[in-house]
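A closer look at the structure
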Amino acid sequence: MSDDYRETGLTFPPGFVIGSATASYQIEGAHDEDGRGPSIWDTFSRTPGKVWNGDTGDVADDHYHRWEADLDLMQQLGLESYRFSIAWPRIQPTGRGPALAEGIAFYSRLVDGLLARGITPIATLYHWDLPQALEDEGGWTVRSTALAFADYARIMGEALGDRIAVWTTLNEPWCSAYLGYGSGAHAPGRTTALGALQAVHHLNLAHGLAIEALREVVTNDPQYSITLNLHVLRAEAGSGESGADALRQIDALANRAFTGPLLHGAYPVDLLADTAGITDWSFVLDGDLERIRQPLDVLGVNYYATTLVRRWDGSSPRLMADGHKDMGGSPWPGADDVEFLPQEGPYTAMGWNIDPSGLYELLLALRDEFPEQPLMITENGAAFDDVVTTDADGTPRVHDPLRVDYLQRHFTAAHRAREAGVDLRGYQVWSLLDNFEWGYGYSKRFGIVRVDYDTQERTPKDSALWLKRLIETRAIPAPDDLAG
Ligand code: IFM
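Residues numbered from 1 in each chain as written. Predicted model: local features only at pLDDT ≥ 70, side-chain atom pairs only at ≥ 80, totals over all residues. Heavy atoms only, no water.

**Quick notes on the overall build of the chain**
We count it as follows: Labels follow the DSSP assignment, with helices taken as runs of H or I lasting at least four residues and strands as runs of E lasting at least two, numbered in each case from the N terminus. The globule rule is 2.2 Å times the number of residues to the power 0.38, and the radius of gyration it is compared with is taken over C-alpha atoms. Only protein chains enter the area calculation, which uses a 1.4 Å probe; residues under 20% of their type maximum are buried, those over 50% are exposed, and those in between are partly exposed.
A tally of regular secondary structure across the chain gives 15 helices and 15 strands. Radius of gyration (C-alpha) of the chain: 21 Å, near the 23 Å computed for a compact globule of 484 residues. Once the C-alpha set of the chain is aligned to its principal axes, its extents read approximately 65 × 55 × 45 Å. Split into buried and exposed, the 484 residues of the chain put 61% on the buried side.

**Thoughts on the UniProt feature "binding site: substrate" (unreviewed entry) in the chain**
What counts here: UniProt positions are given in the numbering used here, feature names are shortened, and annotations may be inferred rather than shown by experiment. Two residues qualify as a contact provided that any one of their heavy atoms is within 4.5 Å of a heavy atom in the partner residue.
Mapped onto this structure's residue numbering, the UniProt feature "binding site: substrate" (unreviewed entry) falls at Gln26, His127, Asn171, Tyr304, Trp430, Glu437 and Trp438. Tracing the chain through its elements places Asn171 in strand S4 (residues 166-171). Apart from the residues lying within four places of it in its own chain, the contact partners of Asn171 are Arg83, Thr124, Tyr126, His127, Trp128, Ser176, Thr227, Asn302 and Glu379. Within the secondary structure, Tyr304 sits in the loop between strand S7 (298-302) and strand S8 (306-311). Residue class for Tyr304 comes out buried when judged on its relative accessible area of 13%. Those residues in contact with Tyr304, other than ones at most four positions away along the chain, are Glu172, Trp352, Asn353, Glu379, Asn380, Gly381, Tyr406, Trp430 and Phe446.

**Things to note about the UniProt feature "active site" (unreviewed entry) in the chain**
In the numbering used here, UniProt assigns the "active site" (unreviewed entry) feature to Glu172 and Glu379. These annotated residues cover 208 residues of sequence, but their C-alpha atoms sit close together, with the largest distance between any two at 10.3 Å. Its place among the elements puts Glu172 in the loop between S4 and helix H8 (173-183). The exposure class of Glu172 is buried, given its relative accessible area of 7%.

**What about the sheet that holds strand S10 (residues 375-379)?**
Rule in force here: Note on pairing: two strands pair once DSSP finds at least 2 bridges between them. Angles run from 0 to 180 degrees between N-to-C directions of axes, and those axes are lines fitted to C-alpha atoms, restricted for helices to the stretch in contact.
Read around the closed barrel, eight strands run S1-S2-S3-S4-S5-S7-S10-S13, paired in parallel fashion. Adjacent strand axes in the sheet meet at a mean angle of 25 degrees when their direction is disregarded. When strand S5 (residues 223-228) meets S7, the two strands line up parallel, connected through four bridges. Across the sheet, residue Leu228 finds its bridge partner in S7, namely Val301. Along the sheet, helix H13 (residues 356-369) makes contact with S7, S10 and strand S13 (424-430), crossing S10 at roughly 145 degrees.

**Quick notes on the sheet that holds strand S6 (residues 232-235)**
The strand order across the open sheet built from three strands is S6-S8-S9, with neighbouring strands paired in mixed fashion. Each having just a single partner strand, S6 and strand S9 (338-341) make up the two edges of the open sheet. The mean angle between the axes of side-by-side strands here comes to 40 degrees, regardless of whether they run parallel or antiparallel. Here four bridges tie S6 to S8, and the two strands are oriented parallel to one another. Directly across from Ala235, in S8, lies its bridge partner Val309. Docked against the sheet, H13 engages S6 and S8, running at close to 105 degrees with respect to S6.

**Considering unusual backbone geometry**
Pro346 follows Gly345 through a cis peptide bond whose omega is 0 degrees. Considering the arrangement of structural elements, one finds Pro346 in the loop between S9 and H13. Following Trp430, the chain continues into Ser431 via a peptide bond in cis, with omega recorded as 5 degrees. For Ser431, the location among the structural elements is in the loop between S13 and strand S14 (449-451).

**Some points on the packing of aromatic side chains**
Each aromatic ring pair is characterised by the separation of its centres together with the angle its planes make. Using the following cut-off: In this scheme Phe, Tyr and Trp rings, the latter by its six-membered ring, pair at centre separations within 6.5 Å, and the angle between planes marks the pair as stacked below 30 degrees, edge-to-face above 60, and tilted otherwise. Consider the ring centre and the ring normal. A charge sits over the ring if Lys NZ or Arg CZ is within 6 Å of that centre and within 35 degrees of that normal.
With the rule as written, the count across this model stands at 35 aromatic pairs. Judged by centre distance (6.1 Å) and plane angle (50 degrees), the rings of Trp352 and Phe446 are tilted. You can see Trp352 sitting in the loop between S9 and H13 and its partner Phe446 sitting in the loop between S13 and S14, a full 94 residues away along the chain. The rings of Tyr25, Trp41, Phe44, Trp128, Phe436, Trp438, Tyr442 and Tyr453 are connected pair by pair, giving a single aromatic cluster. Positioned over the ring face of Tyr64 is Arg90, at 4.1 Å from the centre of the ring.

**Describing the pattern of salt bridges**
Stated formally: Salt bridge, as used here: a side-chain nitrogen of Lys or Arg that lies within 4 Å of a carboxyl oxygen of Asp or Glu.
Using the criterion set out here, one finds 39 salt bridges in the structure. Taking the shortest distance from any N to any O, the salt bridge between Arg143 and Asp288 comes out at 2.7 Å. In this pair, Arg143 is assigned in helix H7 (residues 143-160) and Asp288 in helix H12 (residues 288-292), connecting sequence segments 145 residues apart. Exposure remark for Arg143: the relative accessible area of 27% places this residue in the partly exposed category. For Asp288, a relative accessible area of 2% corresponds to the buried category. Each of Asp245, Arg248, Asp251, Arg256, Asp270, Asp274, Arg311 and Asp337 takes part in one network of salt bridges that share partners.

**Here's the deal with the pairing of S4**
Most of S4 sits out of view: six of its six residues are buried. As paired elements, strand S3 (residues 120-126) and S4 share four bridges and run parallel to each other. Across the sheet, the residue bridging to Tyr126 is Leu170, located in S4. In this sheet, S5 lies alongside S4 in parallel orientation, the contact comprising four bridges. Across the sheet, the residue bridging to Thr168 is Ser225, located in S5.

Put into C-alpha cells, the structure is as follows:
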C-alpha cells in the first residue's frame, strides 16, 4: 500500500455509482428566461465587490439551452450518475405559489434525457439559489423559509417523484448558513452570528420537512439524502489541551451542528454552551428535532481539504486560513479566539491543501459514529489553472495531470475506506463542467470538461478521459491511461 495514495488497479464493484456533479446557478445561465425569478445569487453577484471580476451566473455554461448536448457528453464519458440541482426560482419565482410549467418541463426533460441514456439522476433541491423574495422576508434566518421549502419539495416530488433515484434536500447547509449569514462571503452576504445560527436551524428544519413532503408524494422508491461538507479538523501539533478544545468547538459548529440534529436528534450540548452569548436557541420549537431526524438512505459527503486549528492567544494577528474568502464577517459564531492555520501543500488553485488521507479519515469517522449509515461522496475534485493546447490536427486538449493525480489519490482513499468496512455507495466528481465558482466567479476551474466561456465549446480534459477509463474498467487507472 503506497503512503501517497497513488494506487492503480483497485477495483470498485458494480453498483458503486460513479458520476459527476453540477449545480443550477453555476451552469444554467438563462437567468431571466421562462419566468425564472431572481435568486439571492443574482442579487449578490450584481452587488459591486462581492464576486471577482463582477462575474454573474447570467449566462454561465448556458446549460439551460445546451442541456441535450451536455447529456450526450455525459453519455460519451460513460457517467453512471449525474448529480444536478434544481433552481427553486425557476419553479416558484418568488419561492411561493404555483409551479411554473416551463421550469418543471426543463427538469422533466433533463431527467428523461438522463434515463434515456442510462444515467442515474441524483437531484438536489437546494444548492444555494434561494428566491430573492424569500430572502426579503428574512431568508434562512426565519422559520417561514423552511415551511416554504417543504412546499417546493412537494411540488418537485409530484413532478419528478416517479423518476429521481436519489433526492438530496440541501447541499452544504454549512455554506448557506455560515458563509451566507455569518461571513458574508456568499449570498445574501449578511454578517451576524445570530443570523448564522438561526440559519443553521432553519436549514436543518427545511431538510426534515422536505423529506416528509417528498415521502408523501413520490411514487417510485427513491433514496433520501442530504449533502454535508463535513470539516476534517486537526489541531496544531503540540497545541495540547487548548488545541483540542479549539478543535472541539469548531467541530461543534462545522459538523455536529448538522449531524447532531440530523442523525442523533439533538443539538450538541457544547454547541449550545459555546454560543450561549449569542442566542438561547429558542428558535428551536417543540417537535422540530423529531422532524429533522429523518432516516437517511444515504448521507452525502463533500470533501476537498483539511482544516488546522489552535486557540488564539492574541499575541499576534489572528490567522484565518480556513479556505474561505474574507468578506468582513466571521463564519465561526462565538469562536473568535480560534485560529485557522496554513497547512502543508501541495495546493489547488483555490489555495486548498491536497490531502487524501483526510477523506479516508472522514469516512472512517462517520462509520464509527454512524455504523448503519450508508454514505456517498457527492463532491470531490479540484480547481487548477488549466492550459489548452492544440494537437497537430487542430483538436483542443487540456492535459490536467494535477487534477488526474488529485482524483487518483482520492479514489484510492475511497477504495481504502471501503476495504476498511465503510458502506460507501458511490462517488460524484465535482464538477462535470467548469462553472461559476461563487465568490471567485469564472476564475476557478473545477471541471473535468473545459468550457470556453466565449464560444461555450466543451472540451473533455484528460481527467474526464481518465474518469471514463475508470468507469469502463471499474479499476483505478494509471494517470496516463486515458479512454480514447
Ligand atoms: O463549487 C462548489 C460547490 O458549489 C459546492 N461545493 C464546493 C464546490 C467547490 O468550491
